[in-house]
Amino acid sequence: QQDTFDMSDFPFDRIDFSAAAPDLESSSSFRSLGFLWIRLKRNNHNLDQSSSTTIRSILRDIHNRNPNCLARKWSVENSGNSKKESDLSVDAVLQETSNHLERFYCSTIISRRNDQDSLGELLSKVLAPFWKVNDSKTTPPVLGDAKHQGGAWLFLGSNQEDSTQKKEDEDTNRPPQKKRTKRESGSPLIGRAEHVDDVQHSGTWHVQLSGNKTWYLRPNPDSDDWEDGAVPVLKDYLGKKKANQRHVQVCKTKGGQVRLCCHVEEGDLFVLNTKAWYHRTELPVDNHQWSISIARDFNLPAPQLLCPRNVSKGEVILEEEDIPDQFPTAETSKGLHNCVLAEVAEEENDEESDEAEPTVIVLLALRDIEEGEQLFLERREAEEEEEDDEEEEEENAPESIDPRVIAKKNWRKGETILSGDSIPEDLPLSYQPNCQLVENDGEVSMQAIRDISEGDVLTVPPEEGDDLEDYEEVEVELGKGQITRGVS
């Protein structure tokens, strides 16, 4: 039996927009947890947001006028029951008769650099039911002055029951089969394997436009983004639940890993720091709506930094160890910048030496600054646009295998390779495995069952009753860890 606990004890709850904190407070909460989940308030608007058909019509119209907009970065995340990925091209998915596509999951990126008009049109139409959108402002209000980076992600998929099997049950007047494989009906459709993102932005916001999506999360203990190293401990909430709460829970996987499970519904805003949280998604069964969501990467403005004392022009304000990673900036045209980062000699050395003189980075005043005055570095608009273009090219990184399942060294039979939360949730399966999962005193470990060479992919056997038709056979480029799907 699960215990109930007070709402104030659980920081990962979904909150209603009416109860959401002001933007500064919400931004502060996100900085601390890397997580924010809000049930949006729907405005009076003529877009029937409850119908995925309406959104697909908007996408189809944009695609017909600008074919490259969605096709340029189109990717099949899970081909479901489609025989080949060509059945899931942009044209095939968006055609008006695409309701026959029962199980699939695709994504794309709408480029800000190449498709700015189409991007603006899409955002203004699908986000208008939730907040006021204009050409320069598409950021969720709770994120205040956050700035977007690159274009927008679009995720769309379907996970309907197997209509063929369902019709057979009806025609033969027999009860539905009790056991069906995951590839058939009744089970979630899995997206990419659990991963963290190697990115520079503060986080990514997602709006669930139609249907549902389930997120599985766990903290990345190696991330530098946890304030004061305060990594959330999910197991403190294991076995507990909130009264009348069904859309969020802390659960344990078959391998013993503890995860935060969030059932995101249509009209939810889900904000995540994807560097700080390992994450994966799946689509629950829904016979009525496609799951469609839109997402954008963003940067929060740097926290306010005040001058610690009166300084004169050219004087050092902060030494290298005191300079924060994020620093407030101001556009050149506004003339607010009052300091600059400079490289100076670490110390004077009278002895002659052929070696280069050691240097340090310091913050110098560009003019006289009074104590308590806000500090700004200069931000050139041209540099900002150039950075955006470079970052956008990196957004759609190729899918890769979890690096933890590639052996970092040679292992001998019987040695423990991984244990506890360091074991990935989605382990490669093989009929000729090199590892097995072993549980002792409630702790799960991954042990070698034969000698393993550095660089080998760690695999475990399928569990009894598993049907490997649910899994794709893939090739892994070991040098990069990149996955090639559709191996025959």
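Residues numbered from 1 in each chain as written. Predicted model: local features only at pLDDT ≥ 70, side-chain atom pairs only at ≥ 80, totals over all residues. Heavy atoms only, no water.

1. What about the overall build of the chain?
Counting its secondary structure elements, the chain contains seven helices and 25 strands. Within the span of the chain, comprising 488 residues, buried residues form 46% of the whole. For the chain, the accessible area works out to roughly 26,600 Å², and carbon and sulfur atoms hold 43% of it. (Helix = DSSP H or I, 4+ residues; strand = E, 2+ residues; numbered from the N terminus. Buried < 20%, exposed > 50% of the residue type's maximum accessible area, 1.4 Å probe, protein only. Areas by Shrake-Rupley, 256 points an atom, 1.4 Å probe, with all protein chains shown as cover.)

2. Observations concerning helix α2 (residues 52-65)
Compared with the 20 Å implied by 1.5 Å per residue over 14 residues, the 20 Å span of α2 between its first and last C-alpha is a close match. Along α2, the residues classified as buried are Ser 52, Ile 55, Arg 56, Ile 58, Leu 59, Arg 60, Ile 62 and His 63. Its buried side turned inward, α2 meets α3 (67-71), α4 (90-94), α5 (116-127), β6 (147-159), β8 (203-210) and β15 (291-299). (Expected span 1.5 Å × (residues − 1). Contact = heavy atoms within 4.5 Å.)

3. What to know about a negative patch on the surface
Together, Glu 319, Glu 320, Glu 321, Asp 322, Glu 343 and Glu 346 make up a region of like negative charge exposed at the surface. Along the chain, Glu 343 turns up in strand β18 (residues 339-345). (Patch = residues over 30% accessible without salt bridge, like charges linked within 9 Å, V, L, I, M, F, W, Y side chains within 5 Å. Salt bridge = Lys/Arg side-chain N within 4 Å of Asp/Glu carboxyl O. Lys, Arg positive; Asp, Glu negative; His and termini not counted. Charge placed at Lys NZ, Arg CZ, Asp CG, Glu CD.)

4. Considering the sheet that holds strand β11 (residues 248-252)
A sheet is described by the order of its strands in space; here five strands give the open sequence β7-β14-β9-β12-β11, paired in antiparallel fashion. Two strands lie at the open edges of the sheet, namely β7 (189-190) and β11, each paired on one side alone. As judged from the two bridges shared by β7 and strand β14 (residues 277-283), these two strands associate in the antiparallel manner. Of the residues in β14, the one forming a bridge with Ile 190 is Glu 282. (Pairing = 2+ DSSP bridges.)

5. Description of the environment of Glu 266
The topology assignment puts Glu 266 in the loop between β12 (258-265) and β13 (268-272). Along the backbone, Glu 266 and Gly 211 are 55 residues apart, and their C-alpha atoms lie at a distance of 5.4 Å.

6. Observations regarding the pattern of salt bridges
Taken as a whole and judged by the stated rule, the model has 16 salt bridges. Here Arg 65 ties to Asp 61 by a salt bridge, and the two come within 2.9 Å at their closest N and O atoms. Linking Arg 65 with Asp 61, this pair stays in helix α2, spanning four residues, or about one helical turn. The partner of Asp 451 in a salt bridge is Arg 412, and the shortest N-O contact between them spans 3.6 Å. With Asp 451 in the loop between β23 (443-448) and β24 (475-477) and Arg 412 in the loop between α7 (381-394) and β21 (416-419), this pair connects stretches of sequence that are 39 residues apart. Look at Asp 451 and you get partly exposed, because its relative accessible area is 47%. A single salt-bridge network, built from bridges that share partners, covers Arg 14, Arg 39, Glu 265 and Asp 268.

7. Here we look at α5
The end-to-end C-alpha separation of α5 is 16 Å, in line with the 16 Å expected for twelve residues at 1.5 Å each. Every buried residue of α5 is listed here: Ser 118, Leu 119, Glu 121, Leu 122, Leu 123, Val 126 and Leu 127.

8. A short note on the pairing of β13
A large share of β13 lies buried, amounting to five of its five residues. On β13, burial covers both faces: Asp 268, Phe 270 and Leu 272 on one face and Leu 269 and Val 271 on the other are all buried. The pairing of strand β3 (residues 35-39) with β13 spans five bridges and is classified as antiparallel. Following the sheet pairing, Ile 38 is matched in β13 by Leu 269.

9. Focus on the nonpolar core
Formed by 43 residues in total, the largest nonpolar core has its most connected members in Leu 156, Trp 205, Val 207 and Ile 294. For this core, the element with the highest residue contribution is α5, accounting for five residues. Membership of the second largest hydrophobic core comes to 20 residues, among which are Leu 33, Trp 37, Trp 226 and Leu 272. (Core = buried A, V, L, I, M, F, W, Y, C linked by side-chain atoms within 4.5 Å.)

10. Regarding the sheet that holds strand β22 (residues 435-440)
The three strands lie next to each other as β21-β23-β22, forming an open sheet whose pairing is antiparallel. Strands with a single pairing partner mark the edges of an open sheet, and in this sheet they are β21 and β22. Adjacent strand axes in the sheet meet at a mean angle of 30 degrees when their direction is disregarded. Pairing analysis gives six bridges linking β22 to β23, with the strands arranged antiparallel. When the bridges of β23 are listed, Cys 435 appears paired with Ala 448. (Axes fitted to C-alpha atoms, helices over the stretch in contact; angles between N-to-C directions.)

11. Let's talk about the side chain of Ser 293
Along the chain, Ser 293 falls in strand β15. Note on Ser 293: relative accessible area 1%, which makes it buried. In contact with Ser 293, not counting residues within four places along its chain, are Trp 153, Leu 154, Phe 155, Val 207, Gln 208, Leu 209 and Lys 213.

12. Points about the state of the cysteines
Applying the stated rule across the entire model yields zero disulfides. Left without a disulfide partner, Cys 251 is nearest to the cysteine sulfur of Cys 261, which lies 5.0 Å away. (Disulfide = S-S within 2.5 Å.)

13. Description of the side chain of Ser 118
Following the sequence through the fold, Ser 118 ends up in helix α5. Setting aside anything within four residues of it in sequence, one finds Ser 118 in contact with Ile 62, Asn 66 and Cys 69.

14. Here's the deal with the packing of aromatic side chains
One pass over the full model with this rule turns up 14 aromatic pairs. Between Phe 35 and Phe 270, the aromatic rings sit 5.5 Å apart at their centres with planes inclined by 85 degrees, giving edge-to-face as the arrangement. Here Phe 35, found in strand β3, pairs with Phe 270, found in strand β13; they are 235 residues apart in sequence, far enough to count as distant. A single burial state applies to Phe 35 and to Phe 270, both of which are buried. With a centroid separation of 5.7 Å and 80 degrees between ring planes, the pair formed by Trp 131 and Trp 205 is classed as edge-to-face. Of the two residues, Trp 131 is situated in the loop between α5 and β6 and Trp 205 in strand β8; the sequence distance between them amounts to 74 residues. A residue is classified by how much of its surface remains accessible, and Trp 131, at 4% relative accessible area, is buried. Judged by relative accessible area, which is 0%, Trp 205 ranks as buried. Put simply, the rings of Phe 10, Phe 12, Phe 35, Trp 37, Trp 215, Trp 226, Tyr 237, Phe 270 and Trp 277 touch in pairs and so form one group of aromatic residues. Here the guanidinium or amino end of Arg 56 rests over the ring plane of Trp 290, the centre of that ring lying 3.7 Å away. (Phe/Tyr/Trp six-rings, centres within 6.5 Å; stacked < 30°, edge-to-face > 60°. Lys NZ or Arg CZ within 6 Å of the ring centre and 35° of its normal.)

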